[in-house]
Amino acid sequence: ANVPQLALILQEHGYVQNIELLRTEDIPSLMMHPSTLGMADDSGGSKPIFSPEIVETNAAMLLRFLKTNCTSDSSTYLLHRNKGETSIQLFDISSISQTRQRKWVWWLALCSYRFACRLEQLQANTLAPDDNVTRRDYRKRQRSLLYNTLNLLEELSDMDGGRHETISAAVCEHLADSYLWRTADEDMTHQPQASNATGIQTYASSKQPYRNVNVDCLNKAQDHLNNALAFLMPLLSKAKEDNSPLEIEALTAQLYGIHHKIINVCLRLADHHLGSYSSSNLIGTLRTAAKTLADAASLLGTMSAFNAGGDNDDQLYGMSIIQQHAWLWEYCGHFGRSFAADELWRDRGHTSGYDLCSLFREVEAACSSKIMRKYLDGERSDLNSASNGQVSLTSLCGVVILPNDFEEIESSVLSKEGCQEAIRVSKSILGHQTEIKRDARLVL
């Protein structure tokens, strides 16, 4: 175990009398020596209490025995030795779950879950950053244990042992994390670094999490996170019906964390789709991110009502909403500018300007809720109000009348002589341009 020393603390009646430090190699000879135990040595020495060579031999034989007989993946074994006997017995207790005893199924499920969590901790705390081979082996084993946990919990539910939704959701979230835990070196091994087809380098992509996770792992993580939501959302609805504050607070906090991860996964997927002209996937991903962001803001409003962590926690969560909102609109903006500048979005992506405008409207609608405006400084004047309704995502013409100072467009400007005629002529000129130019101008 690579432990260099042992601290031996001697107590009497609950009071520490002495502390001795022993080197690991001195344990056999000095562990029970009178001088170590604070007694006079009248015997002239003491024999070693055990032989390290024999212990090492026995340990090697035991490990060899376990390696030979523990052959089934995702199984649980029990090693047993009766007191006073030298023989040992190995039991495969996975078969206990086949006897339809709920307590054993529940016990096996928790064991699998705990071992999976332990593997996750080992990856984080003990493995070297460049030990990608061992890290992959740990994750493979961790996923196997987590899948086994879900299967056992489902079996327990079939036996009328309860669904245990919160644990199932936590297992799904751990499964998602196992696909999001990757390093740059590992990604270079799994997937070549593709060049950005559109030539766009977004600021958001350099700041977001999961930078080195490939598309396949992102999609798998998103599926598991959605499964976690499916477990928890009915529970939250029931807790609200039952007016149970403690359950509402706990479920809301767990759900907010899952929503936060889904948004980050969607934005990272958007970055991949933006570089490969996958317009349908990009539009769908940005829509999902907008809807999930609105749901997260709603959950944050519920959490603020409890205010368990005070104003600091509320501000911290609010900043995460603002940041993800900014990233979402950054990707929308890059999508629009790339579409206007690159005709390949029409040829390869099979999309039109109206598809993008529809996306922008949906994103704006999702981010216009009262709770969202609270975190986005909703009291400020927006462009639609400042332009007296001329500029909005629901009424796009590309032509507006502006005053010289561009601070605020008074309604009286629109009623001046020749104003409406100028707008009509300008729209007519735009209408005679090619469809591609009209599409690009509409999106911009």
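Everything quoted here is computed from the prediction, not taken from an experiment.

A. Geometry of the packing of aromatic side chains. Within the structure shown, the criterion is met by three aromatic pairs. Taking the centre distance of 5.7 Å and the plane angle of 90° together, the rings of W104 and W107 count as edge-to-face. You can see W104 and its partner W107 sitting in helix 3 (residues 102-125), three residues apart, about one turn around the helix. Exposure remark for W104: the relative accessible area of 29% places this residue in the partly exposed category. One aromatic cluster in this structure is built from Y277, F335 and W345. Above the face of the Y179 ring, R143 is positioned so that its terminal group lies 3.9 Å from the ring centre. Directly above the aromatic system of F339 lies the positively charged group of R346, at a separation of 4.2 Å from the ring centroid.

B. Quick look at unusual backbone geometry. Even without being a glycine, N243 presents a positive backbone phi close to 55°. One can find N243 in the loop between helix 8 (215-241) and helix 9 (245-274). Classification of N243 by relative accessible area gives exposed; the value is 62%. The backbone of Y277 shows a phi angle near 60°, a positive value even though the residue is not glycine. Tracing the backbone through its elements, the reader meets Y277 in the loop between helix 9 and helix 10 (279-306). Judged by relative accessible area, which is 4%, Y277 ranks as buried.

C. Region of the structure containing the packing of helix 4 (residues 132-158) against helix 5 (residues 165-180). Where helix 4 meets helix 5, the axes come as close as 10 Å, and the angle between the chain directions of the two elements is 160°. It follows that helix 4 is roughly antiparallel to helix 5 by the angle criterion. Considering how the two elements wind past one another, helix 4 and helix 5 form a crossing that is left-handed. Contacts from R139, Q142, R143, L146, Y147, T149, L150 and L153 in helix 4 reach I167, S168, V171, C172, H174, L175, S178 and Y179 in helix 5. Classifying every residue of the contact of helix 4 with helix 5 by side-chain character gives nine nonpolar, five polar and two charged.

Parameters at a glance
Residues numbered from 1 in each chain as written. Predicted model: local features only at pLDDT ≥ 70, side-chain atom pairs only at ≥ 80, totals over all residues. Heavy atoms only, no water. Phe/Tyr/Trp six-rings, centres within 6.5 Å; stacked < 30°, edge-to-face > 60°. Helix = DSSP H or I, 4+ residues; strand = E, 2+ residues; numbered from the N terminus. Buried < 20%, exposed > 50% of the residue type's maximum accessible area, 1.4 Å probe, protein only. Lys NZ or Arg CZ within 6 Å of the ring centre and 35° of its normal. Axes fitted to C-alpha atoms, helices over the stretch in contact; angles between N-to-C directions. Parallel < 35°, antiparallel > 145°, perpendicular 65-115°, else oblique. Left-handed = near helix turned anticlockwise from the far one by under 90°. Contact = heavy atoms within 4.5 Å. Nonpolar A, V, L, I, M, F, W, Y, C, P; charged D, E, K, R; others polar.

Geometry only, nothing functional implied.
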